[in-house]
Amino acid sequence: AGSVSSIPVAGHEIFDVIISFETIEHISENEQKVFLCEVVRLLKPNGIFIVSTPNKLLYSDIPGYKNEFHIKEFYIDEFRKFLLTYFKNVSLLGQKIYPVSYIWNTPEKNSALAEFRLKYSDWGFGNTNDAKDQLYSIAIASSEDTHDLRNSVMVDLSERVIKVRDENICNLTAELQSTTAELQSTTAEL
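A brief structural summary. Small disclaimer: the values here were computed from a predicted structure and weren't measured.

Topic: the overall build of the protein
Point 1. Broken down by element type, the protein carries four helices and six strands.
Point 2. Counting helices and strands in the order they occur from the N terminus, the protein gives β-α-β-α-α-β-β-β-β-α.
Point 3. The globule rule puts the C-alpha radius of gyration for 190 residues at 16 Å, and the 23 Å found for the protein is more than 25% above it.
Point 4. Principal-axis analysis of the C-alpha atoms places the extent of the protein at approximately 80 × 45 × 30 Å.
Point 5. Taking the intrachain contacts of the protein between residues at least 6 apart in sequence as the baseline, contacts between residues at least 24 apart amount to 74%.
Point 6. Just so you have it, the protein exposes about 14400 Å², and 55% of that area is on carbon and sulfur atoms.
Point 7. Computed over 18 positive and 27 negative side-chain charges, the separation of the two mean positions in the protein equals 6 Å.

A word on a nonpolar patch on the surface
Point 1. Taken together, the side chains of Tyr98, Val100, Tyr102, Trp104, Leu113, Val153, Val155 and Leu157 define a hydrophobic patch exposed on the protein surface, amounting to about 810 Å² of accessible area.
Point 2. Mapping Val153 onto the fold places it in the loop between β6 (136–142) and α4 (160–189).
Point 3. Overall, the relative accessible area of 41% leaves Val153 in the partly exposed class.

Definitions and limits used
- Residues numbered from 1 in each chain as written.
- Predicted model: local features only at pLDDT ≥ 70, side-chain atom pairs only at ≥ 80, totals over all residues.
- Heavy atoms only, no water.
- Helix = DSSP H or I, 4+ residues; strand = E, 2+ residues; numbered from the N terminus.
- Rg over C-alpha atoms; globule rule 2.2 N^0.38 Å.
- Contact = heavy atoms within 4.5 Å.
- Areas by Shrake-Rupley, 256 points an atom, 1.4 Å probe, with all protein chains shown as cover.
- Lys, Arg positive; Asp, Glu negative; His and termini not counted.
- Charge placed at Lys NZ, Arg CZ, Asp CG, Glu CD.
- Patch = residues over 30% accessible without salt bridge, like charges linked within 9 Å, V, L, I, M, F, W, Y side chains within 5 Å.
- Salt bridge = Lys/Arg side-chain N within 4 Å of Asp/Glu carboxyl O.
- Buried < 20%, exposed > 50% of the residue type's maximum accessible area, 1.4 Å probe, protein only.

As structure tokens, this is what we get:
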């Protein structure tokens, strides 16, 4: 454990991979530069740096949200340019949670993933070629060529997000019914 601007590991070219998720936006612009110098110092020549950060446009600007713990956020192009000052190759991936209908081979076997996009409008759901919103950027950075990156889908088989949403809807509905009954009773007394 230690500061990202002074990683407490002696030596050079030690690690094959360094991963830093949702860290870089929590430090100042000068500390970000020192952090990347530390990463370069510790990575082997063919090592890979995997780093993620929110997309400032969608995370902060558009919703008008200010995370009190974020000091220096990045726009997507700014993030790429920053990383390219330290690494020869930078590949960016986008990340965001979307509701999906997932269709797969049974029995399960590896196959290519085809993506079809829908968008809701006044006429209902329809096909679209609109770009997906990239809420988070994940960069794969290296001084060597990066491997081909594939799209992936992570499936929560417990369906936790949907179950919690449904539980919250039930709780709010019961609370609304109770409040409505109390209001009606109070109105009748008045």
